[in-house]
Amino acid sequence: MKVVLPGGTGQVGTILDRALTAAGHEVTVVTRHPVRAHHIEWDGATPGRWAEAIDGCDAVINLAGRSVSCRYTAENLRAMMDSRVDSTRVVGEAIAAAARPPRVWLQMSTATVYAHRFDAAHDEATGVIGGSEAGVPDYWAYSVEIAKNWERAQAEAPTPATRKVALRSAMVMSPDRGGVFDVLSSLARLGLGGPVAGGAQYVSWIHDEDFVRAVEFLIARDDLDGPVNLAAPGPLPQRAFMRALRTAWRVPVGLPATRRMAELGAFALRSDTELLLKSRRVVPGRLHAAGFDFTHPEWDDAAASLVRRAREARATSGRTRERDRIG
């Protein structure tokens, strides 16, 4: 299978590139900064020679968009919006112009599209789209608008020969350096992984192995289109989420943090408190209905799996550095 990954050099793209290549598929990554043989350059907004890779491929998985791991200033929020909408629009143009269009276009979206709530879980049929919740920062509504416009750009693309799926993804957990699991693990190992602002807000997540399996499942299932939640069926409150992560790392204590402390920490990390404080209680309704089985449905097991892989990766890296030092 020929797969094209626009924006495929970020955390999620690296996971998919690695897994799909290992499975024997031919992967082409479209990126602003090509560094490997299977990378092609683009600017994320205009047509170019990169579109030739789409003509004749089997699947496009568009992951492009400015990272959300930043301060949510007006400038950064606008960059998030523009990078997502522009890249989706131009990928749609490339598919529409292809003599042999791909049979499926998976478009990254986000579980952030759903409302901040504690009382019930969001699936695709009954979930409440956010943006009008009371008592939350005004700019949280802009994050929802980004998600809505992102999905709208795909839905409105004139690509009648190509099935379209919007991936409303929760946080993808992998042991790769720099990802969300790595950041949360660092806090936990430092004894800082306690409840934030009480810890009642829900965390939705998906193990990287299940993310890859779900993507492969959606590529294969010709009867699925439109929004699909990519989230494990076991979302849980942040205090329980971090407790399980501390257990996996064998860290007995996690200091709690107030909302103000979280704001200071997010500022120091050049991130934003929405990632910590918004309650994302999302479940995979359509995947379950279609018969998808999660390998890691519960966080305790998933955290243990990820910690084990992180330890193995660090041990391998340590042995490599020692060999290099001796050699």
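Residues numbered from 1 in each chain as written. Predicted model: local features only at pLDDT ≥ 70, side-chain atom pairs only at ≥ 80, totals over all residues. Heavy atoms only, no water.

Asker: Give me the lowdown on the overall build of the protein, citing residues and values where you can.
Answerer: Secondary structure assignment for the protein yields 10 helices and 11 strands. Against the compact-globule benchmark of 20 Å for 327 residues, the protein has a radius of gyration of 20 Å, which places it among compact chains. Summarising its shape, the C-alpha atoms of the protein cover approximately 60 × 60 × 40 Å along the three principal directions. For the protein, buried positions account for 49% of its 327 residues. Restricting to contacts in the protein with at least 6 residues of sequence separation, those with at least 24 account for 78%. For the protein, the exposed surface amounts to about 15,100 Å²; the carbon and sulfur share of it is 54%. Between the mean site of the 41 positive side-chain charges and the mean site of the 38 negative ones, the protein shows a separation of 6 Å. (Helix = DSSP H or I, 4+ residues; strand = E, 2+ residues; numbered from the N terminus. Rg over C-alpha atoms; globule rule 2.2 N^0.38 Å. Buried < 20%, exposed > 50% of the residue type's maximum accessible area, 1.4 Å probe, protein only. Contact = heavy atoms within 4.5 Å. Areas by Shrake-Rupley, 256 points an atom, 1.4 Å probe, with all protein chains shown as cover. Lys, Arg positive; Asp, Glu negative; His and termini not counted. Charge placed at Lys NZ, Arg CZ, Asp CG, Glu CD.)

Asker: An account of the layout of surface pockets is needed here, citing residue identities and associated values.
Answerer: To find leftover empty space, one rolls a probe the size of a water molecule over the atoms. Computed from the structure, the second largest pocket encloses a volume of approximately 290 Å³. Along its surface, the second largest pocket is lined by 16 residues, and P175, R177, A310, A313 and R314 are the ones closest to its centre. Of all the elements in the fold, those that place two or more residues in the lining of the second largest pocket are α4 (180-189) and α10 (299-326). In terms of residues, the lining of the second largest pocket owes the most to one element, α10, which gives six residues. Classifying every residue of the lining of the second largest pocket by side-chain character gives five nonpolar, three polar and eight charged. (1 Å grid on protein atoms, 1.4 Å probe; cavity = no way out; pocket = protein on both sides within 12 Å on 5 of 7 lines; lining within 4 Å. Points joined across faces, edges and corners; volume = space filled by probe spheres on them. Nonpolar A, V, L, I, M, F, W, Y, C, P; charged D, E, K, R; others polar.)

Asker: Tell me about the side chain of D208, and name the residues and values.
Answerer: Relative to the assigned elements, D208 resides in helix α5 (residues 208-220). Reaching out from D208, the side chain makes a polar contact with the side chain of H207 at a distance of 3.1 Å. The contacts of D208, once residues within four sequence positions are left out, are I15, V172, M173, S174, P175, L306 and R309. (Polar contact = N/O pair within 3.5 Å; in protein donor to acceptor, adjacent residues only side chain to side chain.)

Asker: How would you explain the packing of aromatic side chains if you had to name every residue and give the values?
Answerer: Counted under the stated rule, the structure contains seven aromatic pairs. Judged by centre distance (4.3 Å) and plane angle (10°), the ring pair of F241 and W299 falls under stacked. Remark: W299 occurs in helix α10 and F241 occurs in helix α6 (residues 238-249); sequence separation between them is 58 residues. Since its relative accessible area comes to 2%, W299 is described here as buried. Seen in terms of ring centroids, F292 and F294 are 4.9 Å apart; in terms of plane orientation they differ by 90°. Their pairing is edge-to-face. Over the aromatic face of W150 sits the side chain of R84, whose NZ or CZ is 4.8 Å from the ring centroid. Cation over ring: R189 sits above W249, and NZ or CZ is 4.9 Å from the ring centre. (Phe/Tyr/Trp six-rings, centres within 6.5 Å; stacked < 30°, edge-to-face > 60°. Lys NZ or Arg CZ within 6 Å of the ring centre and 35° of its normal.)

Asker: Give a detailed account of the sheet that holds strand β4 (residues 59-62), specifying residues and quantitative values.
Answerer: Taken in spatial order, the seven strands line up as β3-β2-β1-β4-β5-β6-β10 in an open sheet, and their pairing is parallel. At either margin of the open sheet sits one strand with a lone partner, and together these are β3 (39-41) and β10 (226-230). Going across the sheet, the axis of each strand differs from the next one's by a mean of 20°, ignoring polarity. As defined by bridge partners, strand β6 (residues 163-169) adjoins β10 across five bridges and the pair is classed as parallel. Of the residues in β10, the one forming a bridge with A166 is P227. (Pairing = 2+ DSSP bridges. Axes fitted to C-alpha atoms, helices over the stretch in contact; angles between N-to-C directions.)

Asker: Hey, could you go over the nonpolar core for me, with residue numbers and the actual values?
Answerer: With 33 residues, the main nonpolar core has L16, I61, L106, F211, L218, L230 and L287 as its most contacted residues. Of all the elements in the fold, those that place two or more residues in this core are β1 (2-6), α1 (11-22), β2 (26-31), β4, β5 (104-108), β6, α5 and β10. Considering every element that reaches this core, the biggest residue donor is α5, with seven residues. Excluding its chain neighbours within four sequence positions, the residues that come into contact with L16 are L5, T21, I61, L63, F211, V212 and V215. Grouped together as the second largest cluster of nonpolar side chains are 22 residues, M173, A240, W249 and V307 included. (Core = buried A, V, L, I, M, F, W, Y, C linked by side-chain atoms within 4.5 Å.)

Asker: Go over a nonpolar patch on the surface, please, and point to the residues and values.
Answerer: Judged by side-chain polarity, L190, L192, V253 and L255 come together as a nonpolar surface patch covering roughly 400 Å² of accessible area. By the secondary structure assignment, V253 is in the loop between α6 and α7 (259-268). (Patch = residues over 30% accessible without salt bridge, like charges linked within 9 Å, V, L, I, M, F, W, Y side chains within 5 Å. Salt bridge = Lys/Arg side-chain N within 4 Å of Asp/Glu carboxyl O.)

Asker: Describe the packing of α1 against α5, listing the residues and the values that go with them.
Answerer: Viewed as axis vectors pointing N to C, α1 and α5 meet at an angle of 70°, and their least axial separation amounts to 10 Å. Of the possible angle classes, the one that applies to α1 and α5 is roughly perpendicular. The way α1 lies across α5 gives a crossing that is right-handed. Here V12, I15, L16, A19 and L20 of α1 come into contact with α5, specifically with D208, F211, V212, V215 and E216. For the contact of α1 with α5, the residue count by class is eight nonpolar, no polar and two charged. (Parallel < 35°, antiparallel > 145°, perpendicular 65-115°, else oblique. Left-handed = near helix turned anticlockwise from the far one by under 90°.)

Asker: Tell me about the pattern of salt bridges, and name the residues and values.
Answerer: In the structure shown here, the tally under the stated rule is 15 salt bridges. One salt bridge connects D119 with R117, and the closest N-O pair in it is separated by 3.0 Å. Residue R117 is classed as buried on the basis of its relative accessible area of 17%. The residue K148 makes a salt bridge to E145 at a minimum N-O spacing of 3.1 Å. Of this pair, K148 and E145 are both found in helix α3 (residues 139-155), three residues apart, which corresponds to roughly one turn of the helix. By sharing partners, the salt bridges in this structure join D86, R89 and E93 into a single network.

Just distances and angles here, no functional claims.
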